[in-house]
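# Descriptive analysis of the structure
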Amino acid sequence: MKRAIRYLRISTDRQSNFSIQGQDHQTAGWCERNFVEVEDTFTDQGYSARNFDRPDFQRLNTFILKHHAKVDYLVVNSLDRFSRDAGEALTAIKNLYLKFSIKIVSVSEGIIFDPNDPGSFFMLD
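Now for a description of the structure that goes with this document. (Residues numbered from 1 in each chain as written. Predicted model: local features only at pLDDT ≥ 70, side-chain atom pairs only at ≥ 80, totals over all residues. Heavy atoms only, no water.)

## What about the overall build of the protein?
When helices and strands are tallied, the protein shows five helices and five strands. In sequence order, the secondary structure elements of the protein are arranged as β-α-β-α-β-α-α-β-β-α. The buried share among the 125 residues of the protein stands at 42%. In the protein, the proportion of contacts linking residues at least 24 apart, taken out of those at least 6 apart, comes to 67%. In the structure as shown, the protein presents an accessible area of about 6900 Å², 48% of it carried by carbon and sulfur atoms. (Helix = DSSP H or I, 4+ residues; strand = E, 2+ residues; numbered from the N terminus. Buried < 20%, exposed > 50% of the residue type's maximum accessible area, 1.4 Å probe, protein only. Contact = heavy atoms within 4.5 Å. Areas by Shrake-Rupley, 256 points an atom, 1.4 Å probe, with all protein chains shown as cover.)

The following block contains the structure:
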């Protein structure tokens, strides 16, 4: 069985369409439909995605360093929950795969980012 960690983030309460509960529901649903076991969930509430200086994002990185052998996917509801800077996001996605063989899943965009498949990046709006 494949295994995943999830990352949920919201910067303000006004982002109701990206509520933590909604992200939790969407990402858990993807894991269930794809028979992927959730190892852990990391949540940053009240933090912008303009940089990676977020407490649970840092905890997520520490988890990956220690437990990457038991993680196949990092599941997010939408790529902008992960990062607002496309260049930073693409570099981080590529590094996760090259260093740890972890693929990022964007549930709402229906994409599993694969650095070996440039087409997965061109599917973004």
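Right, picking up where we left off after that structure.
## Here we look at the side chain of Asn77
Relative to the helices and strands, Asn77 is located in the loop between strand E3 (73-76) and helix H3 (79-82). Of the residues examined, Asn77 reaches a relative accessible area of 6% and is grouped as buried.

## Brief notes about the pairing of E3
Consecutive side chains along a regular strand alternate between the two faces of the sheet. Along E3, one buried face is formed by Tyr73 and Val75 and the opposite face, lined by Leu74 and Val76, is buried too. Bridge count for strand E1 (residues 2-10) against E3 is three bridges, and the pairing is parallel. Each residue of the ladder has a partner; that of Ile5, found in E3, is Leu74. Inspection of the sheet shows E3 paired to strand E4 (residues 103-106) by four bridges, in the parallel sense. Among the inter-strand pairings, Tyr73 is bridged to a residue of E4, identified as Lys103. (Pairing = 2+ DSSP bridges.)

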